[in-house]
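What the coordinates show
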Amino acid sequence: MTANTKSPITTFSRRQFIAACTSLPLLVKFRFEKPFINSVKGRINASDLGVTLIHEHVLVDFIGADKISADRWKHEEVIAKVLPYLLEIKKRGIKSFVECTPAYIGRDVLLLQKLSEKSGLNMLTNTGYYGASDNKYLPAFAFTETAEQLSKRWISEFENGIEGTTIKPGFIKTGVNGGPLSEIHQKLIKAAALTHLKTGLTICSHTGPALPAQQEIEILQQCGVSPAAFVWVHANGSHDEFQKIGKSGCWISLDGVNEDNVEQNAELILFLKQQGLIKQVLISHDAGWYRPGEPNGGEFRGFTTISDQLLPLLKSKGFSDADVMQIMVVNPANAFAIRVRRI
């Protein structure tokens, strides 16, 4: 980890945040008294989310849905490894951390709650199931239950808490393979749509290429869900594909930022800004990944590349403080504010 602790991220006041949102109908038209988000410590105002990393991981266990168990890791060992990385980004001005590990791959909401308390970061967890990687991480019942039955499970976590706790999901996490959607992956997206219509939770789907993204959006629309409720996770494709899918109104998540692709991501973000899509861009690292079964949790990648490299590079290319606020503060608040978004 780098010893540099100076934050390159401009600090924004709540007044600046609210002023920036006055031109954003997604947030302003929210019908609750205040837009809110579920963190692992409870409900927070969307305006309190602050500078946010929208797609990261603490712990991921790839042993498979039929073998995974929470006794494969110990909280105190994971905390000892991960907490310094969280404190590192806190010093850089990061305020919130969206943890995207789904059920059956290592989601541990009590671990996240402990890390949130110790780090001072807002942390979000999720409901939903992950079908990518050829369904290795789907529980057996996901193959036999209907979309309606699966959605009832996810809605119950939203209404009652996850796994006997009072911790509620802040979004829906699912995943599909990179080609045309299989029947079971279509079912997962329909279940996500039904859950969204009942809960208002945003749908974050591990997707990748443009083809499955377009098919997911079509399923959501058939269910009456606006593409504004959908995050195109690991978005990749040609400029034409970004333009076409971006025009639907979905969120474009560039969440694989690392030291090797900073320039590439900067150029893509600048292109999306030129196309009028900057209000739909989300960025993160997809980093972390404590791995149970490996010595000391294996190699753990930190979360500082955006703060230390990408944002300074964007500013050197003409990105303003307002642009930084848009993608790091306003867009995450709009994306994860809990509200039903119908067509």
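Our structure's up above, just so we're on the same page.
These notes cover the structure that comes with them. (Residues numbered from 1 in each chain as written. Predicted model: local features only at pLDDT ≥ 70, side-chain atom pairs only at ≥ 80, totals over all residues. Heavy atoms only, no water.)

1. Concerning the packing of aromatic side chains
Note the threshold: Pairing of aromatic rings covers Phe, Tyr and Trp, the last through its six-membered ring, and needs centres within 6.5 Å; plane angles under 30 degrees mean stacked, over 60 mean edge-to-face, and all others mean tilted. Helix and strand assignments follow DSSP, with helices taken as H or I runs no shorter than four residues and strands as E runs no shorter than two, numbered in order from the N terminus. When a residue's accessible area, from a 1.4 Å probe over protein chains only, is under 20% of the maximum for its type it is buried; when over 50% it is exposed; and in between it is partly exposed. A ring is scored as having a charge over it whenever the NZ atom of a lysine or the CZ atom of an arginine sits within 6 Å of its centre and within 35 degrees of its normal.
Taken as a whole and judged by the stated rule, the model has 12 aromatic pairs. Between the aromatic rings of Y129 and F141, the centroid separation amounts to 5.8 Å while the plane-to-plane angle is 70 degrees, which identifies the pairing as edge-to-face. Taken as a pair, Y129 in the loop between β6 (126–127) and α5 (147–160) and F141 in the loop between β6 and α5 lie far apart in primary sequence, 12 residues in all. Note on Y129: relative accessible area 7%, which makes it buried. Between F171 and F336, the ring centres sit 5.6 Å apart and the planes meet at 80 degrees, which makes this aromatic pair edge-to-face. With F171 in strand β7 (residues 171–175) and F336 in helix α11 (residues 321–336), this residue pair connects regions lying 165 residues apart in the sequence. Joined through ring pairs, the aromatic side chains of F62, Y130, Y137 and W289 make up one cluster. Above the ring of F36, the side-chain terminus of R43 is found at 3.6 Å from the ring centroid.

2. Considering the pairing of strand β3 (residues 52–56)
Applied cut-off: Seen with its strands pointing away from the viewer, a crossover is right-handed if its path from the first strand over the helix to the second goes clockwise.
The element β3 is extensively covered by neighbouring structure, given that 5 of its 5 residues are classed as buried. For the crossover from β3 across helix α3 (residues 75–91) to strand β4 (residues 96–99), the handedness is right-handed.

3. Regarding helix α8 (residues 239–246)
What counts here: What the arc measures is the spread of directions leading from the helix axis to the C-beta atoms. We call two residues in contact when some of their heavy atoms are within 4.5 Å.
Of the positions making up α8, those classed as buried are F242, I245 and G246. Considered in projection along α8, the buried side chains sweep an arc of 100 degrees and stay on one side of the axis. Those residues of α8 that are exposed and aimed more than 90 degrees away from the buried face are D240 and K244. Contact partners of the buried residues in α8: α7 (210–222), β9 (230–233), β10 (251–254) and α9 (262–274).

4. A closer look at the nonpolar core
Grouped burial of nonpolar side chains is what soluble globular proteins tend to show. Operational definition: Residues enter a nonpolar core if they are buried and are Ala, Val, Leu, Ile, Met, Phe, Trp, Tyr or Cys, with the set joined through side-chain atoms within 4.5 Å.
By size, the foremost hydrophobic cluster in this structure holds 87 residues, and its most contacted members are V58, W232, L254, I283 and M328. L254 has contacts with A235, F242, N265, L268, I269, L272, V281, L282, I283 and S284, leaving out every residue within four places of it along the chain.

5. As for the layout of surface pockets
It is the rolling of a water-molecule-sized probe over the atoms that shows where space remains empty. Applied cut-off: Here a cavity denotes a set of grid points, spaced 1 Å apart and computed over the protein atoms alone, in which a 1.4 Å probe fits but from which it cannot get out, and a pocket denotes an open set meeting protein on both sides within 12 Å along at least five of seven lines; residues with an atom within 4 Å of a point are reported as lining. Grid points are joined across faces, edges and corners, and a volume is the space filled by probe spheres set on the points. Three classes are used: nonpolar for Ala, Val, Leu, Ile, Met, Phe, Trp, Tyr, Cys and Pro, charged for Asp, Glu, Lys and Arg, and polar for all others, with Gly counted as polar.
Estimates place the volume of the largest pocket at around 340 Å³. Lining the largest pocket are 21 residues, with A103, Y104, R107, I162 and E163 positioned closest to its centre. Secondary structure elements with two or more residues in the lining of the largest pocket: α4 (109–119) and α5. With 3 residues, α5 is the largest single contributor of residues to the lining of the largest pocket. Residue composition of the lining of the largest pocket, grouped by class: 12 nonpolar, 4 polar and 5 charged.

6. Focus: the pattern of salt bridges
Formally: For salt bridges, the criterion is a side-chain nitrogen of Lys or Arg within 4 Å of an Asp or Glu carboxyl oxygen.
Scanning the entire structure with this criterion turns up 11 salt bridges. Of the charged contacts, one joins D61 and R72 as a salt bridge, the two residues approaching to 2.5 Å between their closest N and O atoms. In this pair, D61 sits in the loop between β3 and α3 while R72 sits in the loop between β3 and α3, placing the two residues 11 residues apart along the sequence. Classification of R72 by relative accessible area gives partly exposed; the value is 31%. Across the pair D308 and R92 runs a salt bridge whose closest N-O atoms are separated by 2.9 Å. Of the two residues, D308 sits in helix α10 (residues 305–316) while R92 sits in the loop between α3 and β4, which places them 216 residues apart along the sequence. Looking at D308, the relative accessible area reads 25%, which means it is partly exposed. Here the salt bridges share partners, and the residues they tie into one network are R107, E157 and E163.

7. A few points about the sheet that holds β3
To keep things clear, this is the line we draw: Strand pairing follows a simple DSSP-based rule, namely that at least 2 bridges must link the two strands. Interaxial angle, 0 to 180 degrees, is taken between N-to-C directions of lines fitted to C-alpha atoms, where a helix line uses only the stretch in contact.
With respect to topology, 3 strands assemble into an open sheet ordered β3-β4-β5, the strand pairing being parallel. Of all strands in the sheet, those bounded by a partner on one side alone are β3 and β5 (122–124). Along the sheet, successive strands turn relative to each other by an average axial angle of 15 degrees, direction set aside. Across 3 bridges, β4 lies against β5 in parallel orientation. The residue of β5 that forms the bridge with V98 is L124. Against the sheet, α11 makes contact with β3, β4 and β5, and its axis sits at roughly 60 degrees relative to β3, the strand it touches most.

8. Things to note about empty space enclosed by the protein
Evaluated as defined, the whole model comprises 1 cavity of 30 Å³ or more. Of the volumes computed, that of the largest cavity is approximately 30 Å³. Around the largest cavity sit V58, L59, E99, T101, G106, R107, D108, L111 and L112, which together line it. Its residues placed into classes, the lining of the largest cavity shows 4 nonpolar, 2 polar and 3 charged.

Shape is all these values report; function is a separate question.
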